Amino acid sequence: SQGYPDDYNPAIAYGKGDKVAVDGSRAYMCKRDDDAAFCNAGPRYAPGTGLYSDVAWVWLGSCVGTLAPTAAPTVDLEAPGCPEEYSSAAKYEGGDKVLVGGLVYVCKWDEYGAYCNAGPMFAPGGDNSDLGWIKMGSCRGSLAPVASPL
């Protein structure tokens, strides 16, 4: 399978959150707000190439190659455990990790990292969290043990 979304096709009607590739290497996502209507507004709004691309599309990054199966991950039993719980009162920078509902998120390093502090609509795990946060996976490093159901 490809390591990136399908190539952008102006004949396809894109909606909020749809992801596309441009030139097989740059990934974009149709915005998740009212500006998503511009994702289908013609070549001037085409992802990455249109004059008004940034009105409709969010650049997600570059992607090259294919995804191949990997070996099972190893677990570092000496790892320090889960990061701190997300707090809307805290200020986050690129690379900061937080925990929400047992899932770890990392604040993006690029210009989209500003979304990490953009309010509840952009909080990790929310509808627009992928603008500023990358979901890394679950964390069980510091969860308290629970009683057996038997």
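Residues numbered from 1 in each chain as written. Predicted model: local features only at pLDDT ≥ 70, side-chain atom pairs only at ≥ 80, totals over all residues. Heavy atoms only, no water.

**Quick notes on the sheet that holds strand β2 (residues 26-30)**
Stated precisely, the cut-off is as follows: For two strands to be treated as a pair, DSSP must find no fewer than two bridges joining them. Strands here mean DSSP runs of E at least two residues long; helices mean DSSP runs of H or I at least four residues long; both are numbered from the N terminus. Axes here refer to lines fitted to C-alpha atoms; in helices the fit is confined to the stretch in contact. Angles between the N-to-C directions go from 0 to 180 degrees.
Strand order in the open sheet formed by 3 strands is β1-β2-β3, with antiparallel pairing between adjacent strands. Of all the strands in the sheet, just β1 (19-22) and β3 (57-62) have a single pairing partner and so form its edges. The average undirected angle you get between the axes of adjacent strands in this sheet is 30 degrees. In terms of strand pairing, β2 meets β3 through 5 bridges, oriented antiparallel. Considered in β3, the bridge of Ala27 is made with Gly61.

**Observations concerning the packing of aromatic side chains**
The geometry of an aromatic ring pair is captured by two quantities: the separation of the ring centres and the angle between the planes. The condition that has to hold: Under the pairing criterion, centres of Phe, Tyr and Trp rings, with the six-membered ring standing for Trp, must be within 6.5 Å; the plane angle then separates stacked pairs below 30 degrees from edge-to-face pairs above 60, leaving the rest tilted. Under the scheme applied here, a residue whose accessible area is under 20% of the maximum for its type counts as buried, over 50% as exposed, and between as partly exposed, the area being computed with a 1.4 Å probe on protein chains only.
The final tally for this structure, using the stated rule, is 10 aromatic pairs. Seen from their ring centres, Tyr92 and Trp133 are 5.4 Å apart, and the 75 degrees between their planes marks the pair as edge-to-face. On the criterion of sequence distance, the pair formed by Tyr92 in the loop between β3 and β4 (97-100) and Trp133 in strand β6 (residues 133-138) is long-range, its members being 41 residues apart. On the basis of relative accessible area, Tyr92 is assigned to the buried category, the value being 11%. Relative to Tyr115, the ring of Tyr112 has its centre 6.2 Å away and its plane inclined at 10 degrees; by these criteria the two rings are stacked. The class of Tyr115 is partly exposed, set by a relative accessible area of 28%. Within the aromatic cluster, the residues linked to one another by ring pairs are Tyr8, Tyr14 and Trp57.

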